[in-house]
Amino acid sequence: MGMRFMRPLVVVTLAMVSALAASATAHHSFAAEYDQAKPIHIEGIVTRLGLRNPHAVLEVASRDASGAAITWAFEMGAPGVLTRRLGWSVDSVKAGDRVTVEAAPAR
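Figured I'd write up the structure that's included with this text. Computed from a prediction, not measured in an experiment: that's the story for all the values here.

## A closer look at the packing of aromatic side chains
Piece 1. Considering all chains together, one arrives at one aromatic pair under this definition.
Piece 2. Look at W72 and F74: their rings are 6.0 Å apart centre to centre, the planes differ by 10°, and that puts the pair in the stacked class.

## Considering the pattern of salt bridges
Piece 1. Within the structure shown, the criterion is met by three salt bridges.
Piece 2. Between D35 and K38 there is a salt bridge; the shortest N-O distance is 3.8 Å.
Piece 3. By relative accessible area, K38 is classed as exposed at 54%.
Piece 4. One salt bridge connects K94 with D91, and the closest N-O pair in it is separated by 2.8 Å.
Piece 5. Taking relative accessible area as the criterion, D91 reaches 45% and is therefore assigned partly exposed.

## Description of the pairing of strand β3 (residues 57–63)
Piece 1. As paired elements, strand β2 (residues 40–50) and β3 share five bridges and run antiparallel to each other. Bridge pairing in β3 links I45 to A61.
Piece 2. Between the antiparallel neighbours β2 and β3 lie six residues.
Piece 3. Linkage of β3 to strand β4 (residues 69–75), two consecutive antiparallel strands, is achieved through a turn of five residues, within which G67 is found at a positive phi near 95°.

## Things to note about the nonpolar core
Piece 1. Formed by 14 residues in total, the largest nonpolar core has its most connected members in L58, F74, M76, V93 and V101.
Piece 2. Where this core is concerned, the elements lending two or more residues are β2, β3 and β5 (98–103).

## Quick word on unusual backbone geometry
Piece 1. Cis geometry is found at the peptide bond from N53 to P54, where omega equals 10°.
Piece 2. Here P54 shows up in the loop between β2 and β3.

## Focus on the environment of G44
Piece 1. Looking at the element boundaries, G44 is found in strand β2.
Piece 2. Here the alpha-carbon distance between G44 and W72, two residues 28 residues apart in the chain, equals 9.2 Å.

Parameters and conventions
- Residues numbered from 1 in each chain as written.
- Predicted model: local features only at pLDDT ≥ 70, side-chain atom pairs only at ≥ 80, totals over all residues.
- Heavy atoms only, no water.
- Phe/Tyr/Trp six-rings, centres within 6.5 Å; stacked < 30°, edge-to-face > 60°.
- Salt bridge = Lys/Arg side-chain N within 4 Å of Asp/Glu carboxyl O.
- Buried < 20%, exposed > 50% of the residue type's maximum accessible area, 1.4 Å probe, protein only.
- Pairing = 2+ DSSP bridges.
- Helix = DSSP H or I, 4+ residues; strand = E, 2+ residues; numbered from the N terminus.
- Core = buried A, V, L, I, M, F, W, Y, C linked by side-chain atoms within 4.5 Å.

Given below as structure tokens:
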């Protein structure tokens, strides 16, 4: 992939912790769009973090069991919420970082 692995393992929890889920409820129902009963665990390399309204998006490149390349796109909370409640910034996760993502898949 040609990406450098200079940063330590970054763990990103995208299951919309209760604080984020509460703020998203006014916009749309988390439970209606995502299945919390079937959490997924993805390990891969960040290709992009988009901190743009209305939702931040994290793209991660990984491989499936057969070794085929897969790109995942994870929708997160609003950038302002990630900044105020979790302290995120444009430097929190960079392209090339190895991450572990725990998320609720779309229904």
